[in-house]
Amino acid sequence: MSDSKNFEVLTVEPVRLAHSPARRVRTWSRDAKTRIVAETFAPGANVSAIARSHGLDPSQVYAWRRKALASGMVAPLAAAPDKPVKFTRFEAVRSDMVEIVVGDVVVRAGADVDADHLTKVIRAVRAA
């Protein structure tokens, strides 16, 4: 055994790799957040696409939506009262299958589908 009392002190500094630039932290004004969240509540809106169009991660926009709903700043659409279903387009074709187009959604139903059940499905599609 050696009687040496020498020791080394190692110091470490973080190294930034050339291929990973520093992430810029952005702050969003309340108005900008409100505008973006409002876009997501439009009928047929795609939250992920809206988030990407603003350079955001979808999870961030979903978090803003949750906070807005929890605070009462916005409210989800209430279910519409039972109203007669109106068709946007009707094409008469002889078939065992019928296609019903509601906005950008196509509902396909066979001849054996109960009319009341089909009405509920169409109302659900319209509400989404």
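For the structure, check the block above.
All values derive from a computational prediction rather than experimental measurement.

So, about the nonpolar core. Grouped together as the largest cluster of nonpolar side chains are nine residues: Ile36, Val37, Val47, Ile50, Ala51, Leu56, Val61, Trp64 and Ala68. Looking at this core, the elements that each hand over two or more residues are helix 1 (30-40), helix 2 (47-53) and helix 3 (58-71). When residues no more than four places from it in sequence are discounted, the contact partners of alanine 51 are Leu56, Asp57, Pro58 and Val61.

Counting across every chain of the model gives one aromatic pair. Taking 6.0 Å as the distance between ring centres and 70° as the angle between the ring planes, the aromatic pair formed by tryptophan 28 and tryptophan 64 counts as edge-to-face. With a gap of 36 residues between them, tryptophan 28 in the segment before helix 1 and tryptophan 64 in helix 3 connect regions that are remote in the sequence. Judged by relative accessible area, which is 9%, tryptophan 64 ranks as buried. Looking at arginine 65, its charged tip hangs above the ring of phenylalanine 41, at a distance of 4.3 Å from the centre.

Together, Arg30, Lys33, Arg66 and Lys67 give the surface a local cluster of positive charge. At the level of secondary structure, the elements contributing two or more residues to the positive patch comprise helix 1 and helix 3. Overall, the relative accessible area of 60% leaves lysine 67 in the exposed class.

Moving on, we get to the packing of helix 1 against helix 3. Closest axis-to-axis distance for the helix 1/helix 3 pair is 10 Å, and the angle between their directions is 90°. Taken together, the axes of helix 1 and helix 3 are roughly perpendicular relative to one another. Every residue of helix 3 that contacts helix 1 at Lys33, Ile36, Val37 and Thr40 is listed here: Val61, Trp64, Arg65 and Ala68. Of the residues that constitute the contact of helix 1 with helix 3, the class distribution is five nonpolar, one polar and two charged.

About the cut-offs
- Residues numbered from 1 in each chain as written.
- Predicted model: local features only at pLDDT ≥ 70, side-chain atom pairs only at ≥ 80, totals over all residues.
- Heavy atoms only, no water.
- Core = buried A, V, L, I, M, F, W, Y, C linked by side-chain atoms within 4.5 Å.
- Buried < 20%, exposed > 50% of the residue type's maximum accessible area, 1.4 Å probe, protein only.
- Helix = DSSP H or I, 4+ residues; strand = E, 2+ residues; numbered from the N terminus.
- Contact = heavy atoms within 4.5 Å.
- Phe/Tyr/Trp six-rings, centres within 6.5 Å; stacked < 30°, edge-to-face > 60°.
- Lys NZ or Arg CZ within 6 Å of the ring centre and 35° of its normal.
- Patch = residues over 30% accessible without salt bridge, like charges linked within 9 Å, V, L, I, M, F, W, Y side chains within 5 Å.
- Areas by Shrake-Rupley, 256 points an atom, 1.4 Å probe, with all protein chains shown as cover.
- Salt bridge = Lys/Arg side-chain N within 4 Å of Asp/Glu carboxyl O.
- Lys, Arg positive; Asp, Glu negative; His and termini not counted.
- Charge placed at Lys NZ, Arg CZ, Asp CG, Glu CD.
- Axes fitted to C-alpha atoms, helices over the stretch in contact; angles between N-to-C directions.
- Parallel < 35°, antiparallel > 145°, perpendicular 65-115°, else oblique.
- Nonpolar A, V, L, I, M, F, W, Y, C, P; charged D, E, K, R; others polar.

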